[in-house]
Amino acid sequence: MELPPPPDIVRAAYAELTVTDLEASRRFWVDLLGFVVSSQTPDTLHLRGYDELIHQNLILRAGPVPGAARLAYRVRTPGDLDRAEAFFAALGTRTARLPAGVTPGVGETVRAEDPLGFTVEFFHHAHYAERLQQRYDLRRGAEPARMDHFNIVVPDVRAAYEHYTHLGFGLSETIEDEQELYAAWMFRKPTVHDVAFTGGEGPRLHHLGFFAHESHQVLRICDILGSLNQESQIERGPGRHGVSNAFYVYLRDPDGHRVEIYTSDYYTGDPGHPVLRWSVRDPRRRDFWGHPVVPSWYTEASTVLDLDGNPRPLLSEKQPAEIVVGADGFTR
Ligand SMILES: [Fe+2]
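This text gives an overview of the structure that appears in the document. (Residues numbered from 1 in each chain as written. Predicted model: local features only at pLDDT ≥ 70, side-chain atom pairs only at ≥ 80, totals over all residues. Heavy atoms only, no water.)

What the rule picks out here adds up to 17 aromatic pairs. Seen in terms of ring centroids, Phe28 and Trp29 are 5.5 Å apart; in terms of plane orientation they differ by 85°. Their pairing is edge-to-face. With a relative accessible area of 0%, Trp29 lands in the buried category. Residues Tyr164 and Phe169 carry aromatic rings whose centres are separated by 4.8 Å and whose planes lie at 85° to one another, so their mutual orientation is edge-to-face. Phe169 carries the same exposure label as Tyr164, and that label is buried. Among the aromatic residues, those joined into a ring-pair cluster are Tyr73, Phe87, Phe88, Phe122, Phe150, Tyr164, Phe169 and Phe197. Geometry around Phe211 places Arg146 over its ring, the cationic atom sitting 4.3 Å from the centre. Stacked on the ring of Trp297, the Lys or Arg Arg236 has its end atom at 4.6 Å from the ring centre. (Phe/Tyr/Trp six-rings, centres within 6.5 Å; stacked < 30°, edge-to-face > 60°. Buried < 20%, exposed > 50% of the residue type's maximum accessible area, 1.4 Å probe, protein only. Lys NZ or Arg CZ within 6 Å of the ring centre and 35° of its normal.)

As a benchmark, a tetrahedral metal site with four donors has ideal angles of 109.5 degrees, while an octahedral site with six donors has ideal angles of 90 or 180 degrees. Protein coordination of the iron ion is provided by His149 (NE2), His207 (NE2) and Glu260 (OE), with donor distances spanning 2.0 to 2.1 Å. Spacing between the donor residues of the iron ion along their common chain follows H-x57-H-x52-E. Separated by 111 residues along the polypeptide, His149 in strand E9 (residues 146-154) and Glu260 in strand E16 (residues 258-263) bring together distant segments of the chain. You can call Glu260 buried: its relative accessible area is 1%. (Donors = N, O, S within 2.8 Å, 3.2 Å for Na, K, Ca; no water. Helix = DSSP H or I, 4+ residues; strand = E, 2+ residues; numbered from the N terminus.)

What follows is about the sheet that holds strand E5 (residues 67-75). Pairing is mixed in the open sheet, where 8 strands are placed in the order E2-E3-E4-E1-E5-E8-E7-E6. Edge positions in the sheet fall to strand E2 (36-41) and strand E6 (95-98), since each of these pairs with one other strand and no more. The average angle at which neighbouring strand axes cross in this sheet is 20°, direction not considered. Bridge analysis of strand E7 (residues 109-113) against strand E8 (residues 119-123) gives 5 bridges, and the strand direction is antiparallel. Among the inter-strand pairings, Arg111 is bridged to a residue of E8, identified as Glu121. (Pairing = 2+ DSSP bridges. Axes fitted to C-alpha atoms, helices over the stretch in contact; angles between N-to-C directions.)

Looking now at the layout of surface pockets. Here the largest pocket is characterised by a volume of approximately 340 Å³. Residue lining of the largest pocket: 21 residues in total, with Pro115, Leu116, Gly117, Ala159 and Leu315 positioned closest to the centre. Broken down by element, the lining of the largest pocket gets its largest block of residues, 4 residues, from helix H3 (residues 157-166). Of the residues belonging to the lining of the largest pocket, the class tally is 10 nonpolar, 5 polar and 6 charged. Estimates place the volume of the second largest pocket at around 220 Å³. Taken together, 17 residues make up the lining of the second largest pocket; nearest its centre are Glu16, Ala69, Leu305, Asp306 and Gly309. Each residue belonging to the lining of the second largest pocket can be placed in one class, and the counts come to 6 nonpolar, 5 polar and 6 charged. (1 Å grid on protein atoms, 1.4 Å probe; cavity = no way out; pocket = protein on both sides within 12 Å on 5 of 7 lines; lining within 4 Å. Points joined across faces, edges and corners; volume = space filled by probe spheres on them. Nonpolar A, V, L, I, M, F, W, Y, C, P; charged D, E, K, R; others polar.)

Here it is in structure tokens:
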């Protein structure tokens, strides 16, 4: 099928999660992790990192069930909203155009239920927020700087790779063998990724990755959670990834949504940037020090909501599971 030109996507910008206890979520995301509150209503919190100049990197909305309501990308020009609408309409997916003001801090948006089953949103216009980068006096917790990436669980990683290739994304790293693509990392901004795919029952949101500048910020949030006897919210890490070379930790919020604090990946902006391909049998691919990946990291993920806010049905995994084929500690 000949597709119309895709929108020129700049970067992953924000996500919306539904949460069942907004006060508990505020204690986790704001008081412990250290996100900045840009605005709030009785049933929402709009949060951003300390480097971020747009209104939000994360919207938390009180809802009946935990879910991933939307993944938002900024586009380069107002005309890219028209291109986004035409692109997804040509794919036969449901789209909606929402006026400025529906989401605080951004202009008109286009939403679509993408072919992978996720609700994605595109916006161009943004009201810039107060610059807080050098307000070191305000920083807390992991001192999150900005949104880095979305990691999504899809039943067919190759189909996800092809969809995002059509959207103009570059490929930085993969986990694969001779027969299968088990995971892929794709980018628009010149870093390792804006979106990554993990194979499994989907669509589900695996995690939101937020950038911190230094590895001590990853360690500090672990110490804080330990001090408060909330160590059970540390799911995996801290450690060094093989893929991306990033230093990381994965945490679970009060509803089980997974968040990664992520630092020190690398530049990918040159033309023809070479792809780094990891063997599914290399135990360093998920953790460079060979530490086992905990089973919950492979099996648990957040439900995705459609344009109406209803949970999406799950499709089972099409390719063999990476953990069965690969060399993870808990399968040894
Ligand atoms: Fe990640």
